[in-house]
Amino acid sequence: MDLAVSILSIALFAGTSLIFATVGEILTERSGILNLGLEGTMIMGAVSGFAAAYHTDNAYLGVLAGMAAGAIFGLIHAIATITLRTDQVVAGLAITIGGTGLASFLGQKLGPGGGPLVGLIGPRFVEVPIPGLSSIPVVGDILFKRDQLVYLLYLLVPAVWYFLYKTRPGLHLRAVGENPQATDALGVNVFRTRYIYTVLGGALVGLGGAHLSLAYTPGWSENLTGGRGWIAIALVIFATWNPARAVLGALLFGGVNAIQFRLQAEGTTISANLLNMTPYILTVVVLVAVTYLEAFRKRVGAPAALGLPYNREERT
Amino acid sequence: MISFEKRLTTPRLVSWGVPLVSLLLALAMGGLLLLVVGVNPFTAYRAMVSGAFGGSFEITETLVRATPLILTGLSVAIAFRMLFWNIGAEGQLVMGGVAASGVAIFLPDAAPSIPQSPWVYLPVMGLAAIVAGALWGVIPALLKSALGVNEIITTLMFNYIAILTYQYLFTDPWKDPAGFGFPGSAEFGEYAWLPEFSGRLHGGLVIGLVAAIAMWAIFTKTRWGYEIALIGENERAARYAGVSIFRNIVLVMVFSAGLAGLAGMSETAGLSHRLQQGLAVGNGFTGIIVAWLAKLHPLRVVVVAVMLAALLVGGDQIQISLGLPAAIAQVLQGLILLFVLGGDIFSRYRLVWTRRVKG
Amino acid sequence: MSGTSDNIAVQLSGVTKRFPGVLANEDVDLTVRFGEIHALLGENGAGKSTLMSVLCGLYRPDGGSISLTVDGVLRPVEIHSPRQAIDLGIGMVHQHFKLVSPQTVAENVIIGRDDVPFRLNMKAIGKKIAELGERYHMPVDPEAAIWQLSVGEQQRVEILKVLYRGASVLILDEPTAVLTPQESAELGQTLRAMVAEGKAIIFISHKLDEVMSFADRVTVLRQGRNVATLDVAATNKQELARLMVGRELMSGVDKPEHPPSEVVLELRAVEATGDRGLPALLGIDLSVQRGEILGVAGVAGNGQRELAEVVTGLRRVTRGSIRVAGEECTNMSPRELIEAGVCHVPGDRLGVGLAGNLALSDNLAMKSYRRPPMSRGPFLNRKRMVAAAGGLIEEFNVLTPGPQTPARNLSGGNQQKAILAREITAGRGFPEGAVLVASYPTRGLDVGAVEAVRTRLAAERARGTAVLLISEDLDELMMMSDRIAVMHGGRVMGVVEPAATTIEELGLLMAGERR
């Protein structure tokens, strides 16, 4: 039981940044925009968050900075893909490469005196047990002895779920991603909707990055995100564009990490590399299953207009 | 009110001018960044240019960096022509390197009767690399063809699986027993090395150039090239014309992933001469940028690959000479791509003022 | 029911709209009153849909003005967006439904509405929608998902969307295009109920029957201009047809008698499944002889597309057999069928028949590129391709700036000529008997292009090609075919001879009455 608690705790802690990013990308993709720039956005969120927190000595400002950075990158993607009608795949890749490079650059220049941020110790979020709830056996240990950002997650995920399925703007968001022509003709501003959710999604991705540098690692180093941005993209499909299921997927990835630590601590001979492969293989399996199901059951998930640009006056 | 109106034709001035202006804007933005950290952009850019082309050593370094980019650029270009988003060139490159290394390391012992000459070993290694890369790419291709599974995600995931596999191999079963604890495989015998020219420049460049010419010939002079263009332009029309979509998706991916695998062989047999850290450094992703900026044209891929390589080498150079993070090169790459992409709309559409309706 | 000018709902004055290379509407005046059903009649491309799109805010006019009666007062307005049009009481029911397929009827109806509360109460909304449906003779289930509904039911959802928003002016675009006669009659009841309450209805049509039976007044558009506005009671089909076309309708292609000859294309008990998994062809028996045009009539969506697809290898046959020139050809690939002599002019020009961004010469070579002289072995000779294209362009009178212009840049008529050129030339390689499947070959073309296409088809018939002509234009079928097969619900209801049948009989067959 102790082992399970320990693994789940680590899984949740490790998966938090993933959940933020995945939920953010779910919102973006629901509007029909595919943002592959998550890796660059997330790492920019991480470096901005850490730098801001370090210089202001305030972790909360760091979070805001991380979200702002994410929002800015989301905005860049939005301008490129919505107004300038660039191909969404390539725009996302440009942002990833540019963002990763910029983060690395800033990481070496935003430290004190224009030096590196690597190795510095800054303000961070620590475990804050919730009085009362944290005493519950098992559940309390896993869920209620985490840092504030994880608690934010507990509020965010249900809120996004409710928003998406039970409110009017949520309905509009889903409709825009399914059929932008129809929704436009009904008076919903497709461009504005896509802009809002791409920027908002970016902000959440940035928040995920900030969690890495302000809580999980903490601190800054090159390649801090280690591909999590890409994993989040895969998780969106794993979650079939449903925020509740995103949590499951993130826990899975986080869990594998956790299991790997444990096993290494116990001294097994299974290579970390081989173990780390399992989530990726699993994602492919789930993706195949989801795609297969979608062919039979009408619509398990992907917004029909995902990845396609929308142009009101174009007469084909 | 400003709005976009589709152009019927694109004037020459616009189709050349727009990318040029985009490039300049990107450099300007990069210059701003440099100013912010207190560096004179002109100094920095000049240092980058001389770092990339300033002398024979610099030029060979640039060409060395360009070699894998030519191959991955070609790889991505052929896939993108068919609208197959091969994001997995990175993993395919790695698996190609793994296969080539495997041959170099194990074949001498497994089949000692085979002459240990580069004329034998290099082709075998090349073939192994192509097959390995192709297999790595064909699985996502089959999944897409047969089941409609999104290839962006599958090729992406396969990247990670490939990188983890390669890491596992050179840190564990293939680890050099005589390696003094450094992670990496045994060094290849010299018969498994690509010929070297001056500096670090090696035969991989030749492979890249030959591949580029071959691809150009295929696209312009063969039936297959015509079919690929047709599928990429309008898949339904291609089906209607009797072109086999399934077969072509698989064939194109074999080609595409095979080229990326060849890039892996080029890096291992030409540069590192062993399987070690440093194979998965982003050539697969940069190849996507190369392909896009070259507008998927094989000969242009060569030119763009050299230019992007120059950017990277120049960036390394100013890290040494000016103390600037080499990452500036990636920032510039991202900026260039974004601006060129964003600017592209102006060659397809033009801005119009719409008159207000008369009252 | 002619109202006084006090009862004007919508007034368009001098409206003009341009697109790159095309003047869609030129100086159009239109007046519609409350309580009337006003038809907007014209051929394809006359500018009807464009005009209405301007009225409902999808396009901005380049000239002219629009006035609406809002709160009892007629005043000029500028409509910048669909949302604004909706707010002004204008509701458009599109021909191609703008519905979000995986969502429910109720969800689709409320999209875009501001007065829907933030927190959705779908039950209450559903109830209101059901009531609205009852009131206008359109029963509907608010909880059903759109993809589960029939075409007629989906149209009701479109109408409900517009009514739910309190539209006082309804625009319907080709509303009976996809309805059975039964559903059309029900629609008529709905429209009557709406105008009885004082609403204004505009419906766009190119069908004379529809106009005569539904409308109170009709405005005829031709080539972007308003040529006449008449009371329906005071006119007839001939006059309207004349106004629509601007000249005498083509009296008929000279058709020598067709003696019976050997069957080239034969379908026996052919069954096939449609895109949604539902049966599309339920046992088709058809045969086409050498030198004959077999017309296929029927409301679009009754299996015609699937019929063309099974004959050309683009869709699997689940049961039954297809024979070409006596050879078993069931479920052969498109390539094999091409090599067996089956040529296809598809209904979707740019979607299937052409690769828009490729050069015209590339497109013209689509069927011939595999053989000499175009290619030898794996190598393709592009010079020969361009030269061959030049020959086809001249022979078939395709107007283009050059043989390497992207196909997309040609006008619809010239694109169709190019496709015909390609297919007919491919068919020439089969002296034993080629089959030409032509799906809606004159759809969307101007009058000159239509004549050119029909002349070519007649020429093919004279040469001995077996032609399967699928069309929704009954007059065209009557004029061109040696026999007409009528399809309904995936079956052939009957095969008639044009000389021996009437439009009424055809209509009945189309509606599902077996002969």
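Residues numbered from 1 in each chain as written. Chains lettered and ligands numbered in written order. Predicted model: local features only at pLDDT ≥ 70, side-chain atom pairs only at ≥ 80, totals over all residues.

Trainee: Quick question: what am I supposed to make of the overall build of chain A here?
Mentor: From N to C terminus, chain A includes 12 helices and 0 strands. Written out in order from the N terminus, the α and β elements of chain A read α-α-α-α-α-α-α-α-α-α-α-α. A compact globule built from 316 residues should have a C-alpha radius of gyration of about 20 Å, and chain A, at 20 Å, falls within 12% of that. Along the first, second and third principal axes, the C-alpha set of chain A runs to 65 × 50 × 40 Å. (Helix = DSSP H or I, 4+ residues; strand = E, 2+ residues; numbered from the N terminus. Rg over C-alpha atoms; globule rule 2.2 N^0.38 Å.)

Trainee: Teacher, can you tell me more about the pairing of strand β16 (residues 342-345) of chain C here?
Mentor: For a regular strand, side-chain orientation follows a simple rule: the groups alternate between the two sheet faces. Residues and elements named next belong to chain C. Of the two faces of β16, the one holding V342 and H344 and the one holding C343 and V345 are both buried throughout. Bridge count for β16 against strand β19 (residues 435-439) is 4 bridges, and the pairing is parallel. Each residue of the ladder has a partner; that of H344, found in β19, is V437. (Buried ≥ 20, exposed ≤ 12 C-beta atoms within 10 Å, placed from the backbone. Pairing = 2+ DSSP bridges.)

Trainee: When you look at the sheet that holds strand β9 (residues 217-222) of chain C in this model, what are you seeing that I'm missing?
Mentor: Strands pair in a sheet through their backbones, by hydrogen bonds, and they do so in one of two ways: parallel or antiparallel. Residue and element names in this part refer to chain C. Within the open sheet, the 6 strands sit side by side as β6-β7-β8-β3-β9-β10. Their pairing is mixed. Because the sheet does not close on itself, it has two edges, and the strands there are β6 (90-93) and β10 (225-231). Put simply, the sheet's adjacent strands are angled 20° from each other on average, direction ignored. Bridge count between strand β3 (residues 37-41) and β9: 4 bridges; the pairing is parallel. What sits directly across from H38, in β9, is R217. Against the sheet, helix α6 (residues 181-196) makes contact with β3, β7 (169-173) and β8 (200-205), and its axis sits at roughly 145° relative to β8, the strand it touches most. (Axes fitted to C-alpha atoms, helices over the stretch in contact; angles between N-to-C directions. Contact = placed C-beta atoms within 7 Å.)

Trainee: Would you explain the interface of chain B and chain A in this entry?
Mentor: The figure often quoted for interface size is the accessible area lost as the parts come together. Opposite the 37 residues of chain B that make contact, chain A presents 41 residues. Elements with a contribution of two residues or more to the side of chain B that touches chain A: α5 (118-147), α6 (151-171), α11 (283-293) and α13 (328-348) of chain B. Looking at the side of chain B that touches chain A residue by residue, the class counts come to 26 nonpolar, 8 polar and 3 charged. (Nonpolar A, V, L, I, M, F, W, Y, C, P; charged D, E, K, R; others polar.)

Trainee: Please clarify how the sheet that holds strand β2 (residues 22-33) of chain C should be interpreted in this entry.
Mentor: All names here are of chain C. On the basis of which strands lie adjacent, the open sheet formed by 4 strands has the order β2-β1-β4-β5 and antiparallel pairing. On the outer flanks of this sheet lie β2 and β5 (73-77), each paired with one strand and no other. Sheet twist, expressed as the average angle between the axes of neighbouring strands with direction ignored, equals 20°. Inspection of the sheet shows strand β4 (residues 63-70) paired to β5 by 5 bridges, in the antiparallel sense. Its bridge partner lying in β5, S67 is registered against P76. Lying over the sheet, helix α1 (residues 48-55) contacts β1 (8-19), β2 and β4, oriented at roughly 115° with respect to β1.

Trainee: Just to check I follow, could you spell out the confidence of the model for chain B for this structure?
Mentor: Close inspection of predicted coordinates is inappropriate in any region flagged by low pLDDT. With 97% of its residues at a pLDDT of at least 70, chain B reaches an overall mean of 87. Scored as a whole, the predicted complex attains pTM 0.80, and scored at its interfaces, ipTM 0.81. (pLDDT = per-residue confidence, 0-100.)

Trainee: What am I meant to see in the nonpolar core here?
Mentor: For soluble globular proteins, nonpolar side chains are generally found buried alongside one another. M125, V301 and A305 of chain B together with I171, V435, L468 and L469 of chain C are the most contacted members of the largest nonpolar core, which has 371 residues in total. Examining the composition of this core, we find that 13 residues originate from one element, helix α1 (residues 2-30) of chain A, more than from any other. Built from parts of two domains, this core gets at least three residues from each of domain 1 (5-245) and domain 2 (263-510) of chain C. (Core = buried A, V, L, I, M, F, W, Y, C linked by C-beta atoms within 7 Å. Domains from an automatic or database assignment.)

Trainee: Sorry, what's going on with the packing of helix α2 (residues 41-53) of chain B against helix α3 (residues 56-81) of chain B here?
Mentor: When two helices pack together, their arrangement is captured by the angle between the axes and the distance separating the axes. Residues and elements named next belong to chain B. Where α2 meets α3, the axes come as close as 5 Å, and the angle between the chain directions of the two elements is 85°. The orientation of α2 with respect to α3, classified from their angle, is roughly perpendicular. Contacts from G51, A52 and F53 in α2 reach E58, I59 and T62 in α3. Partitioned by chemical class, the residues of the contact of α2 with α3 number 3 nonpolar, 2 polar and 1 charged. (Parallel < 35°, antiparallel > 145°, perpendicular 65-115°, else oblique.)

Trainee: Sorry if this is basic, but what is going on with α6 of chain B here?
Mentor: An α-helix turns once every 3.6 residues. As a result, residues three or four positions apart point the same way. Over its 21 residues, α6 of chain B runs 30 Å from end to end, which matches the ideal 30 Å to within 8%, given 1.5 Å per residue. The element α6 of chain B is extensively covered by neighbouring structure, given that 17 of its 21 residues are classed as buried. (Expected span 1.5 Å × (residues − 1).)

Trainee: I keep staring at the interface of chain C and chain A and nothing clicks. Help me out?
Mentor: Facing the 21 residues of chain C at the interface are 21 residues of chain A. Top element by residues in the side of chain C that touches chain A is helix α2 (residues 82-87) of chain C. It accounts for 3 residues. Tallied by class, the residues present in the side of chain C that touches chain A amount to 14 nonpolar, 3 polar and 4 charged.

Trainee: Whenever I open this one, helix α13 (residues 382-395) of chain C confuses me. Can you help?
Mentor: Residue and element names in this part refer to chain C. Between its terminal C-alpha atoms α13 stretches 20 Å, which fits the 20 Å expected from 14 residues at 1.5 Å a residue. Where α13 is concerned, the buried positions are M385, A388, A389, L392 and I393. When α13 is viewed along its axis, its buried side chains cluster within an angular range of 140° and face the same direction. Summarising the geometry of α13, the exposed residues directed more than 90 degrees from the buried face are K383, E394 and E395. Tucked inside the fold, the buried residues of α13 contact α12 (360-364) and α14 (412-427). Following α13 by one or two positions, N397 adopts a phi angle in the positive range, close to 60°. (Arc of directions from axis to C-beta.)

Trainee: Would you explain unusual backbone geometry in this entry?
Mentor: Negative phi characterises most residues that are not glycine, and trans characterises most peptide bonds. Residue and element names in this part refer to chain C. Backbone geometry at D27 places phi at a positive 55°, although glycine is not the residue there. With respect to the element layout, D27 can be found in strand β2. Exposure remark for D27: the 13 C-beta atoms within 10 Å place this residue in the partly exposed category. Despite not being glycine, N331 shows a phi value in the positive range, around 60°.

Trainee: It is not clear to me how the environment of L392 of chain C should be interpreted in this structure. Could you clarify?
Mentor: Residue and element names in this part refer to chain C. Tracing the chain through its elements places L392 in helix α13. Among the residues examined, L392 registers 22 C-beta atoms within 10 Å and is labelled buried. In this structure, L392 is in contact with L364, A421 and T425, ignoring residues within four places of it in sequence.

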